[in-house]
Amino acid sequence: MIYLEYAATNSFTKYPSSRYGPFLNPNANYAYREQKLLDECRDRVKATIGAKSGKVIFGGTSSQLIENLMNRAKRNTVICSKYEHDSFWRYGFDSIGNIDELPNIISDTPESYGKMLVMWQGVNNITGQIFPIEQIGNMCHSYNAFFICDMTAMIGKVAIPDNIDQWCDMAVWSGHKLGTESGIGCMWLSDRFNEWLGDFKLHGTPNLAGACAIADATEDACKTVAAHEDYCYELYRYLLDQLSANGIHGGVVNSAMKPDKSDATERAPSTYAINAVMLDNINADSLQQYLASQSIYIGIGGSACSSLHDFRVLNACGLTNDEASRVIRVSFDYDTDKQDIDDLVYNIKQYKEKFVG
């Protein structure tokens, strides 16, 4: 199997709950040892993301955690970027594509609409675009709004800006991108935001094994950000070179939001771990199915988790539906090597010869 879809779910579980579970008391709410371990996991997560204060909550995926949060804050106004994952975007009262629009929208919102919550991801899960979240958070705070950051596609790929307590109010991410089992996630709440929420809690017994797993996964991912990006850059350049050498034409959809056929040095801010590649005259959905039959797994340009494969995010990036329908997502991790890319390109070429001509 060749797995090039690390922006979705890691190909195998690096941090299985069973590694921790046998040693934990199921009555964790009442056990001193387990409560101490849970507190240690919270402290480790805070130290890893650079938080000096605030509250860490372990629970389900980022989608489930944000759903729990919105059930508490649903009477307030939510603004989100057009590039958000579906699980965040569905809560948006309004959506914007440029941070320069944000001050006007926040300042024009009537007080009767409640407190303003702004959602903006750190890294786009389809294109790899890196957003200036520190700037966005500071802008939100200057208008007394709360800033919520989805870091699911960011953790381990891009360094978290320093002093998170000063510019962010909530950060959330899923563990399955980092190698935990599915259904494990984590959120950090600033003291200011948690106080406004009335001390946010999740009901039920905490998943201590899951907390240990995501604490380990988050620490390990954040320790190797620079090395990971260097490794992914080599793979990115090799991918483009091999596509070109084999007569497969197209371009990378970068954060300038149009296919970029220029040298990588001109690529706008984005992580090399996640790459949206638009291929000439090749339907991405059909290609994905063909590659899967060869045990090669990639993503496509449809909005994440959408059963209709809509192109909302790529449309917001400036692509037409026709252009977006030809976008594949190739994402890397340390388990990816150049042979994987050779096999991918070879099979794309085979597909092109058989079905495109």
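Every value quoted in this text rests on a predicted model; they were computed, and no experiment measured them.

Looking at this structure, I do not really get the overall build of the chain. What am I missing?
Secondary structure assignment for the chain yields 13 helices and 14 strands. When contacts within the chain are restricted to residue pairs at least 6 apart in sequence, those whose partners lie at least 24 apart make up 73%. With an accessible surface of roughly 15300 Å², the chain has 48% of that area assigned to carbon and sulfur atoms.

Whenever I open this one, the nonpolar core confuses me. Can you help?
The nonpolar side chains of a soluble globular protein tend to be buried, and buried together. With 64 residues, the main nonpolar core has Phe58, Leu102, Val118, Phe147, Met151, Ile164 and Trp173 as its most contacted residues. Here this core gets nine residues from one element, more than from any other, and that element is helix H8 (residues 208-223). Residues contacting Met151, with those up to four places away along its chain left out, are Ile133, Ile160, Ile164, Trp167, Ala171, Val172 and Trp173. Counting residues in hydrophobic clusters, the runner-up holds 30 residues, among them Leu4, Ala273, Leu287 and Ile298.

Teacher, can you tell me more about unusual backbone geometry here?
A negative phi holds for most residues other than glycine; trans holds for most peptide bonds. Here the phi dihedral of Asn144 falls at roughly 60°; this positive angle occurs in a residue that is not glycine. Summarising the element assignment, Asn144 is placed in the loop between helix H5 (133-142) and strand S6 (146-150). Among the residues examined, Asn144 registers a relative accessible area of 48% and is labelled partly exposed. For Ser295, which is not glycine, the phi dihedral falls at a positive 60°.

Whenever I open this one, the packing of aromatic side chains confuses me. Can you help?
One pair of aromatic rings is described through two measures. These are the centre distance and the angle between the planes. In this structure the tally under the stated criterion is 14 aromatic pairs. An angle of 90° between the planes, with centres 5.0 Å apart, marks the rings of Tyr3 and Tyr6 as edge-to-face. Accessibility expressed as a relative area gives 15% for Tyr3, which makes it buried. A residue is classified by how much of its surface remains accessible, and Tyr6, at 5% relative accessible area, is buried. The ring of Phe146 is capped by Lys115, whose NZ or CZ atom sits 4.9 Å from the centre of that ring.

Explain the environment of Ser63 to me, please; I cannot follow it from the model alone.
Relative to the helices and strands, Ser63 is located in helix H2 (residues 62-73). Classification of Ser63 by relative accessible area gives partly exposed; the value is 23%. For the pair Ser63 and Ser87, spaced 24 residues apart in sequence, the C-alpha separation works out to 5.3 Å. A polar atom in the side chain of Ser63 sits 3.0 Å from the side chain of Ser87.

Hey, could you run me through the packing of helix H9 (residues 225-245) against helix H13 (residues 338-356) in this one?
Between two packed helices, what matters for the description is the angle formed by their axes and the separation of those axes. Between H9 and H13, whose axes approach to 10 Å, the crossing angle comes to 30°. Viewed along their axes, H9 and H13 adopt a mutual orientation that is roughly parallel. Read as a crossing pair, H9 and H13 show a hand that is right-handed. Residues Leu235, Tyr238, Leu239, Gln242 and Leu243 of H9 form the contact with H13, whose own contacting residues are Lys338, Ile341, Asp342, Leu344, Val345 and Ile348.

Honestly, the sheet that holds strand S7 (residues 170-174) in this entry has me stumped. Any pointers?
Remark on secondary structure: sheet strands pair via backbone hydrogen bonds, oriented parallel or antiparallel. With respect to topology, seven strands assemble into an open sheet ordered S2-S8-S7-S6-S5-S3-S4, the strand pairing being mixed. Among the strands making up the open sheet, the edge pair consists of strand S2 (55-59) and strand S4 (94-96). When the angles between neighbouring strand axes are averaged without regard to direction, this sheet yields 20°. The strands that helix H1 (residues 32-49) touches are S2, S7 and strand S8 (185-189); relative to S2, the one it contacts most, it runs at about 115°. Relative to S7, H8 is tilted by about 100°, and along the sheet it contacts S2, S7 and S8.

What counts, and where the lines are drawn
- Residues numbered from 1 in each chain as written.
- Predicted model: local features only at pLDDT ≥ 70, side-chain atom pairs only at ≥ 80, totals over all residues.
- Heavy atoms only, no water.
- Helix = DSSP H or I, 4+ residues; strand = E, 2+ residues; numbered from the N terminus.
- Contact = heavy atoms within 4.5 Å.
- Areas by Shrake-Rupley, 256 points an atom, 1.4 Å probe, with all protein chains shown as cover.
- Core = buried A, V, L, I, M, F, W, Y, C linked by side-chain atoms within 4.5 Å.
- Buried < 20%, exposed > 50% of the residue type's maximum accessible area, 1.4 Å probe, protein only.
- Phe/Tyr/Trp six-rings, centres within 6.5 Å; stacked < 30°, edge-to-face > 60°.
- Lys NZ or Arg CZ within 6 Å of the ring centre and 35° of its normal.
- Polar contact = N/O pair within 3.5 Å; in protein donor to acceptor, adjacent residues only side chain to side chain.
- Axes fitted to C-alpha atoms, helices over the stretch in contact; angles between N-to-C directions.
- Parallel < 35°, antiparallel > 145°, perpendicular 65-115°, else oblique.
- Left-handed = near helix turned anticlockwise from the far one by under 90°.
- Pairing = 2+ DSSP bridges.

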